[in-house]
Amino acid sequence: MNTGAALARGQGVALWRQIAGTLEREIATGSLPPGARLPTEAELSTRFSVNRHTVRRAMEELEARGLVRIEQGRGSFVAEDVLDYPVGPRTRFSETIRRQNREPQGRMLRIEELPAESHIAEQLKIRRGRPVVLAERLGLADGRPVVIGSHWFSLARFPGIAAILAEDPSITAALARLGLPDYRRQATRISARMPTPEEAALLEQSRTRPVLVTEALNVDPAGEPVEVSFACYAAGRMQIVVES
């Protein structure tokens, strides 16, 4: 990457636009590859001999165009390719990520036994207050966090699921070990909102960038509820594709 840059001053093109154009070309040519950390504002100010406000305006333009992502407290990064996440009758995180030549990973954040709240109890067809297992999981693709999932199971139906998930964060594998080798998605609701500070930190994204949120109900071949899940996706890295 060029360590020095001369801007055309006084020729009618704003300096911040010239800086944005230079960085865009470096992204396009691969000098700044996807996921790469960009120089700091101070370093760019020195490189282009401008003040930080001018650099900040250029970075805001690149972020608005989806070329970079700015993470509060971490810096600025070249945006990665957005992954498609198909939502259909059989949605599996690991399979979906592998189909796009990425390596899936999962990290369990929390496993806890709780009394079922009204909405969860209604979806799982159990009485309110009956014990359920909540498993919160962070899903990654090539080491980058892309989704936070909250999964609710009836403890009466899956009494050993907490211990199994503590060993292996795969939901599909856990259900298979408990005698349910297959299940399907019955319904999915999709919305968007701003992330909480905790979600933004886990997903390594700016708190000013929205997240995609899904609520889903999975059922067994007989149509009986298996799992209620809520997922929070980093919208800058994942797009939801609804399959018919």
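The rules behind each value
Residues numbered from 1 in each chain as written. Predicted model: local features only at pLDDT ≥ 70, side-chain atom pairs only at ≥ 80, totals over all residues. Heavy atoms only, no water. Helix = DSSP H or I, 4+ residues; strand = E, 2+ residues; numbered from the N terminus. Buried < 20%, exposed > 50% of the residue type's maximum accessible area, 1.4 Å probe, protein only. Contact = heavy atoms within 4.5 Å. Areas by Shrake-Rupley, 256 points an atom, 1.4 Å probe, with all protein chains shown as cover. Lys, Arg positive; Asp, Glu negative; His and termini not counted. Charge placed at Lys NZ, Arg CZ, Asp CG, Glu CD. Axes fitted to C-alpha atoms, helices over the stretch in contact; angles between N-to-C directions. Parallel < 35°, antiparallel > 145°, perpendicular 65-115°, else oblique. Left-handed = near helix turned anticlockwise from the far one by under 90°. Nonpolar A, V, L, I, M, F, W, Y, C, P; charged D, E, K, R; others polar. 1 Å grid on protein atoms, 1.4 Å probe; cavity = no way out; pocket = protein on both sides within 12 Å on 5 of 7 lines; lining within 4 Å. Points joined across faces, edges and corners; volume = space filled by probe spheres on them. Arc of directions from axis to C-beta. Core = buried A, V, L, I, M, F, W, Y, C linked by side-chain atoms within 4.5 Å. Salt bridge = Lys/Arg side-chain N within 4 Å of Asp/Glu carboxyl O.

A. Examining the overall build of the protein more closely. Summing up its helical and strand segments, the protein has eight helices and ten strands in all. Principal axes of the C-alpha set define a box for the protein whose edges measure 75 × 35 × 30 Å. Every one of the 244 residues in the protein was classed for burial, and the buried ones make up 44%. Of the contacts formed within the protein by residues at least 6 apart in sequence, a portion of 59% connects residues at least 24 apart. Within the structure as shown, the protein displays about 12,700 Å² of accessible surface, and the carbon and sulfur contribution to it stands at 49%. The averaged location of the 30 negative side-chain charges in the protein is 3 Å from the averaged location of its 33 positive side-chain charges.

B. View of the packing of helix α1 (residues 15–28) against helix α3 (residues 52–64). Between α1 and α3, the least distance of the axes is 8 Å, while the angle of their chain directions is 55°. Comparing the axis directions of α1 and α3 gives the class oblique. Crossing geometry of α1 relative to α3 is assigned as right-handed. In this structure, α1 uses Leu15, Trp16, Ile19, Ala20, Leu23 and Glu24 to contact α3, whose residues at the interface are Thr54, Arg57, Ala58, Met59, Glu61 and Leu62. Within the contact of α1 with α3, the residues separate by chemical class into eight nonpolar, one polar and three charged.

C. Looking closely at empty space enclosed by the protein. This structure, assessed with the given rule, holds two cavities of 30 Å³ or more. As a volume, the largest cavity reaches approximately 80 Å³. The element contributing the most residues to the lining of the largest cavity is strand β1 (residues 68–71), with three residues. Of the voids in this model, the second largest cavity is the one considered here, and its volume is about 40 Å³. Forming the walls of the second largest cavity are Arg69, Ala79, Glu80, Arg209, Gly236 and Arg237. Here the residues of the lining of the second largest cavity are counted per class, giving one nonpolar, one polar and four charged.

D. Here's a closer look at the environment of Ala174. Checked against the element boundaries, Ala174 lands in helix α7 (residues 171–177). If sequence neighbours within four positions are ignored, Ala174 has contacts with Ile161, Ile164 and Leu165.

E. Inspection of helix α2 (residues 41–48) at higher detail. Inspection of α2 places Leu44, Ser45, Arg47 and Phe48 among the buried residues, and these make up the whole buried set. Seen from one end, α2 has its buried residues packed into an arc of 165°, which puts them on one side. Buried residues belonging to α2 abut α1 and α3. Looking one or two places after α2, you find Ser49, whose phi comes out positive at around 55°.

F. The arrangement of the nonpolar core in detail. Of all hydrophobic cores here, the largest spans 18 residues; its most connected members are Ile19, Leu23, Leu38 and Met59. Mapped onto this core, the elements with two or more residues apiece are α1, α2 and α3. Examining the composition of this core, we find that five residues originate from one element, α1, more than from any other. Counting 14 residues, the second-largest nonpolar core is a separate cluster that includes Leu155, Ile161, Leu165 and Ala174.

G. Local environment of the pattern of salt bridges. This model, assessed by the stated rule, comprises 13 salt bridges. Here Glu95 ties to Arg90 by a salt bridge, and the two come within 3.1 Å at their closest N and O atoms. Residue Arg90 is classed as partly exposed on the basis of its relative accessible area, which comes to 42%. The residue Glu167 makes a salt bridge to Arg177 at a minimum N-O spacing of 3.4 Å. Of this pair, Glu167 sits in helix α6 (residues 161–167) while Arg177 sits in helix α7, and the two are ten residues apart along the sequence. You can call Arg177 exposed: its relative accessible area is 55%. Put simply, Arg90, Arg92, Glu95 and Asp182 are held in one network by salt bridges that share partners.

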